[in-house]
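# Coordinate inspection notes
Now for the letters of each chain:
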Amino acid sequence: MTVRHRDRVPPLVWDAALPILLLLNVVTTYPVRELPVAAALTAALALPLLWRRRAPLAVFGAVAAAAFVQWLTDVQLPADIALLVALYTAAAHTGRRGTLLAAAVVEGGAVLACLRWTPDGAFLTPFVALSATVVAAAVLGVNVRTGRAYLAAVQERAERLALHQEQQARLAVAEERDRITREMHDIVTHNLSVMVALTDAAVYAQHRSPDRATAAMLQISETGRQALTDMRRSLGVLRTDERDAERHPPPGISQLEVLADQMGAAGLPTRLEVRGGHSHVPATAQLTVYRLVQEALTNTLKHTPAGTRATVLVECSAQAVGVDVTDSGPRSARPAATPPGHGIPGMRERAAAYGGTLHAGPLPGGGWGVRTRLLLGGGAAPA
């Protein structure tokens, strides 16, 4: 509480306290015939302290000059303490050179004072005492300056840390936005493509085979619900008490069979082969595998004619997961110039997150292929 109340008082009030006390002491203790000289010298010593924070070296010079005039007039005053205050201020607000210079001047004044005002044979004791006060004032000022510099460095470091944390938070937000964008692209593109294909099939079969049209419509409904669930999950607003959360867990390698059946119902017969166990594969890597296969099959469904067949091969090992998606469509350039982060660029980003390099292009024997290898232990993928 004392520090808080002290900080509320303007610094000029504290600086004026010592000159006022020194002048009151002179007025109340000195005889009338000595009062004018004593009061003038006290004012010359004490009043410059009012500006000691603004110009510490200039104030010290003024006080030292007044003290020298006092020594010449052979008048001893309690106001000599102003020299120690000026020395402390110079040490607290200037560098090492200014501190040493001010301390040397005050020490010289101590020698002169002891030579003039000490009794014969008693020079050493007052000189040691005065020298000790000079050193104490200088050391106290240096400590204050060092503490102030340390606090400033700590504050600057805290500001840099806060700025760094803010930048990291912005980067995290940008990365999360990119992740959500990729997820939404994969979910919407795949499910809408499947729903469009199933709708065309239902319209075609509604008169010739009502049962098949009904099954297609039910599949459209289920696909739409799954798409909504995946969208809510990607946006982080899916509640744990929602029944769809149990019906549609986060997709992984075990859900590739359902994906293959879904693509087959949409008109793209898909054969799936999973080699090796995948229980050790992290959930995030399994989601990446699922999205890569989903995007590749969706591109095949959109860009190939009827009768195209697709093959999905997933090879799991202790260190990596290989993904190979091929189709029998015509050997033609697929439209891959999509906005950054979508389509094939988005697949490359997903693969690169696990040290994989994605290769997508026409196959020598016809058709189209997408291949990559995800490293579970990190590092760069082999060529």
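Computed from a prediction, not measured in an experiment: that's the story for all the values here. (Residues numbered from 1 in each chain as written. Predicted model: local features only at pLDDT ≥ 70, side-chain atom pairs only at ≥ 80, totals over all residues. Heavy atoms only, no water.)

### Observations concerning the overall build of the protein chain
Along the protein chain, the regular secondary structure elements total twelve helices and five strands. The 383 residues of the protein chain split such that 37% are buried. Counted over contacts in the protein chain with a minimum sequence separation of 6, partners at least 24 positions apart contribute 67%. Surface accessibility of the protein chain: about 22000 Å² in total, with carbon and sulfur atoms responsible for 63%. (Helix = DSSP H or I, 4+ residues; strand = E, 2+ residues; numbered from the N terminus. Buried < 20%, exposed > 50% of the residue type's maximum accessible area, 1.4 Å probe, protein only. Contact = heavy atoms within 4.5 Å. Areas by Shrake-Rupley, 256 points an atom, 1.4 Å probe, with all protein chains shown as cover.)

### Side note on the sheet that holds strand β5 (residues 368-375)
Here we have five strands laid out as an open sheet, ordered β1-β2-β3-β5-β4, and mixed in their pairing. The sheet terminates laterally at β1 (270-275) and β4 (359-362), the two strands that pair on one side only. In this sheet, adjacent strand axes meet at a mean angle of 10° when their direction is disregarded. Examined bridge by bridge, β1 and strand β2 (residues 310-316) share six bridges and lie parallel to one another. The residue bridging Arg 275 from the neighbouring strand is Glu 315, located in β2. (Pairing = 2+ DSSP bridges. Axes fitted to C-alpha atoms, helices over the stretch in contact; angles between N-to-C directions.)

### Some details on helix α2 (residues 11-29)
A rise of 1.5 Å per residue sets the reference length of α2, with its 19 residues, at 27 Å; its end C-alpha atoms lie 28 Å apart and thus fit the reference within 8%. Among all positions in α2, only Asp 15, Ala 16, Pro 19, Leu 22 and Val 26 are buried. Those residues of α2 hidden inside the fold are in contact with α3 (35-46) and α5 (81-93). (Expected span 1.5 Å × (residues − 1).)

### Some thoughts on the environment of Ala 351
Take Ala 351: it is sitting in helix α12 (residues 343-352). Assessed through its relative accessible area of 0%, Ala 351 is described here as buried. With residues up to four places along the chain from it excluded, the contact list for Ala 351 reads Gly 356, Leu 358, Thr 372 and Leu 374.

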